[in-house]
Amino acid sequence: MEHQLVIYNTLSRQKETFVPHHAPHVGMYVCGPTVYGDAHLGHARPAITFDILFRYLKHLGYKVRYVRNITDVGHLEHDADDGEDKIAKKARLEELEPMEVVQFYLLRYQKAMEYLNVLPPSIEPHASGHIIEQIELVKQILDNGFAYESKGSVYFDVARYNKVHKYGVLSGRNLDDVLNTTRELDGQDEKRDPSDFALWKNAQPEHIMRWPSPWGNGFPGWHCECTAMGKKYLGESFDIHGGGMDLIFPHHECEIAQSVASQGHEMVRYWMHNNMITINGKKMGKSLGNFITLDEFFQGKHELLTQAYSPMTIRFFILQAHYRSTVDFSNEALQAAEKGLERLLEGLRNLENIVPSATTTGIQPQGLREKCTEAMNDDLNTPIVISHLFDATRMINTIVDKKATISAEDLEELKSVFHLFVFDLLGLTAQTENNAAREEAYGKVVDMLLEQRMQAKANKDWATSDKIRDHLAALGFEVKDTKDGFSWKLNK
Ligand code: ZN
């Protein structure tokens, strides 16, 4: 495949020409969500970043197998080895089965991704569906002498590993730094060293997510799932592993150690990390009150938001920054993105209505495809792609203002480049309408009709009451009378 795609490899700390191991096949693994709450901006950024890479690699002609996992077990509070499982905690608080929590939030996550026009990955494996593979991984690491059993748990022996290989290659931390930053926590007495991390955890009696293993009933450590599932679906050596920068340490550092300790060599050839998102200059956090879910953005339902923002505005806003730069969300910045996207889409609409002339005069539209391609090849530089498209939009406006003309050939090329980059590669859609806001509004209209029906019933106006019910039934709404009013659902 002839291309000059260059990507920044976090491991080598430099830009490298992308050469797949087994072209035309490309294996790509991205750490997916821990499904115990609604998706927020922190989920949108890696999903969109690696969606761009997925789309671009396919455009270059590669056959991409894109794996994005679903973390549904083993991710403990504070990313520590002694916290409560995030999903089990939610299940306990809401009196649900853990898998009910997983299913509920997974569907909501996938819906949010669909609104953002993020293509579904090739495989979305669940950690809880790969316990056997994770136990196998732990056994190999134990057999190779890089782990030890302690009170029914298995820990990775960081010091032992560091004697043979180097621990900290990805994050650039040396073991002394790691030791100094590892907090003293309960359960540390099971470990030989505070920097050791859990491969398998013995389940306390109250722990509801548990599986049998050679070391007793327990559950896998969080880092195991990605190593085990990456290997299962992409092989012992695959091309790209991505995720947010916050995962570099400890998650991805531990993944590297697990691969090397189990199979003798690294599994990943290119590590890629997107930078983080801040809100009004501050890190997002539940305790800071600036934790805004994607749904809240789409519906404008958060005290920090002055309006609703469509999924395409969010997507465009994220793409206006390079994925390795930080992004700061504010109402002003989002409103600017909304206007920018509208300008681009207006340019596209104008493009469809332009009548070509015999020759191109007053503008120089040639070379746009090359310039946009060059920007994509330079580590997916989407802000530069967008700036070239804005330049082209200005040319389109000049033609519309009759200050320039364009030949049929140049016009066709311009249309083709716009469609390729705006729709296929940046994944923007012409629909700026806000689906989530529309669905919300239409639910309210149904509620309003049913409240009128209740009023009619109270007035013994049976004709009106029946009419409303029959009309809604004809549209596919199933209405039920309940003791405190009504409920409805749409049967499609
Ligand atoms: Zn992961």
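Throughout what follows, the structure given in this document is the object of discussion.

Conventions we followed
- Residues numbered from 1 in each chain as written.
- Predicted model: local features only at pLDDT ≥ 70, side-chain atom pairs only at ≥ 80, totals over all residues.
- Heavy atoms only, no water.
- 1 Å grid on protein atoms, 1.4 Å probe; cavity = no way out; pocket = protein on both sides within 12 Å on 5 of 7 lines; lining within 4 Å.
- Points joined across faces, edges and corners; volume = space filled by probe spheres on them.
- Helix = DSSP H or I, 4+ residues; strand = E, 2+ residues; numbered from the N terminus.
- Buried < 20%, exposed > 50% of the residue type's maximum accessible area, 1.4 Å probe, protein only.
- Contact = heavy atoms within 4.5 Å.
- Pairing = 2+ DSSP bridges.
- Axes fitted to C-alpha atoms, helices over the stretch in contact; angles between N-to-C directions.
- Parallel < 35°, antiparallel > 145°, perpendicular 65-115°, else oblique.
- Left-handed = near helix turned anticlockwise from the far one by under 90°.
- Nonpolar A, V, L, I, M, F, W, Y, C, P; charged D, E, K, R; others polar.
- Salt bridge = Lys/Arg side-chain N within 4 Å of Asp/Glu carboxyl O.
- Core = buried A, V, L, I, M, F, W, Y, C linked by side-chain atoms within 4.5 Å.
- Polar contact = N/O pair within 3.5 Å; in protein donor to acceptor, adjacent residues only side chain to side chain.

### Focus: the layout of surface pockets
Looking at the largest pocket, its volume works out to about 1,300 Å³. Around the largest pocket, the lining is made up of 45 residues, and of these Tyr-36, His-40, Lys-86, Asp-246 and Met-276 lie nearest the centre. Every element with two or more residues in the lining of the largest pocket is listed here: helix H1 (41-59), helix H2 (86-94), helix H7 (222-234), strand E9 (238-244), helix H8 (248-263) and strand E11 (277-279). A per-element tally of the lining of the largest pocket places H1 first, with six residues.

### Quick notes on the environment of Tyr-167
Assignment of secondary structure puts Tyr-167 in the loop between helix H5 (158-164) and helix H6 (175-181). Under the relative-accessibility criterion, Tyr-167 is labelled buried at 2%. In this structure the C-alpha to C-alpha distance between Tyr-167 and Ile-135, which are 32 residues apart in sequence, comes to 22 Å. Ignoring anything within four residues of it in the chain, the contact list for Tyr-167 reads Val-158, Tyr-161, Asn-162, Arg-173, Leu-175, Val-178, Phe-197, Phe-249, Glu-253, Cys-254 and Ala-257.

### A word on the environment of Leu-414
By secondary structure assignment, the location of Leu-414 is in helix H14 (residues 408-425). A sequence separation of 137 residues divides Leu-414 from Ile-277, and the C-alpha atoms of the two residues are 34 Å apart. Leu-414 has contacts with Leu-351, Pro-365, Leu-368, Ala-392, Ile-396 and Ile-406, leaving out every residue within four places of it along the chain.

### Considerations on the sheet that holds strand E5 (residues 147-150)
Reading across the sheet, the four strands line up as E5-E6-E7-E8 and stay open at both edges, with antiparallel pairing between neighbours. Of all strands in the sheet, those bounded by a partner on one side alone are E5 and strand E8 (218-220). Sheet twist, expressed as the average angle between the axes of neighbouring strands with direction ignored, equals 20°. Pairing analysis gives three bridges linking strand E7 (residues 197-202) to E8, with the strands arranged antiparallel. Within the sheet, the bridge partner assigned to Asn-202 lies in E8 and is Gly-218.

### So, the sheet that holds strand E12 (residues 282-283)
Read from one edge to the other, the open sheet built from three strands follows the order E12-E11-E13, with strand pairing classed as mixed. In the strand order of this sheet, the two ends are held by E12 and strand E13 (327-329), each with one partner.

### A short note on the packing of helix H4 (residues 131-143) against H8
The interhelical angle for the contact between H4 and H8, taken along N-to-C directions, is 65°, at an axis separation of 8 Å. Here H4 is positioned roughly perpendicular relative to H8, judged by the angle of their axes. In this structure, the crossing between H4 and H8 has a hand that is left-handed. Every residue of H8 that contacts H4 at Leu-137, Gln-140 and Ile-141 is listed here: Gln-258, Ala-261 and Ser-262. Its residues assigned to classes, the contact of H4 with H8 comprises three nonpolar, three polar and no charged.

### Comments concerning the packing of H7 against H8
Remark: H7 packs on H8, axes separated minimally by 9 Å, with the N-to-C direction vectors making an angle of 55°. Considering their axes alone, H7 and H8 lie oblique with respect to each other. The way H7 lies across H8 gives a crossing that is right-handed. Contacts between H7 and H8 pair Trp-222, His-223, Cys-224, Cys-226, Thr-227 and Lys-231 from the former with Pro-250, His-251, Cys-254, Glu-255, Gln-258, Ser-259 and Gln-263 from the latter.

### Focus on the pattern of salt bridges
In this structure the tally under the stated criterion is 22 salt bridges. Of the charged contacts, one joins Arg-315 and Asp-51 as a salt bridge, the two residues approaching to 2.8 Å between their closest N and O atoms. Remark: Asp-51 occurs in helix H1 and Arg-315 occurs in helix H10 (residues 311-319); sequence separation between them is 264 residues. The network of salt bridges with common partners includes Asp-38, Arg-108 and Asp-295.

### As for the nonpolar core
Among the nonpolar cores identified, the biggest contains 83 residues, and Met-28, Leu-57, Phe-297, Ile-314, Phe-329 and Phe-418 are the most heavily contacted of them. Top element by residues in this core is H1. It accounts for ten residues. Excluding residues that lie within four positions of it along the chain, Phe-418 makes contacts with Leu-344, Leu-348, Leu-351, Leu-368, Leu-389, Ala-392, Thr-393, Ile-396 and Phe-423.

### A look at the side chain of Asp-85
Residue position: Asp-85 is located in the loop between strand E4 (63-68) and H2. Within the local environment of Asp-85, its side chain forms a polar contact with the backbone nitrogen of Ile-87, the two atoms lying 2.9 Å apart. A polar contact is formed between the side chain of Asp-85 and the backbone nitrogen of Ala-88, at a distance of 3.1 Å. Once residues within four sequence positions are removed from consideration, Asp-85 is found in contact with Val-73, Gly-74, His-75, Leu-76, His-207 and Met-209.

Just geometry here; none of it tells us what the structure is for.
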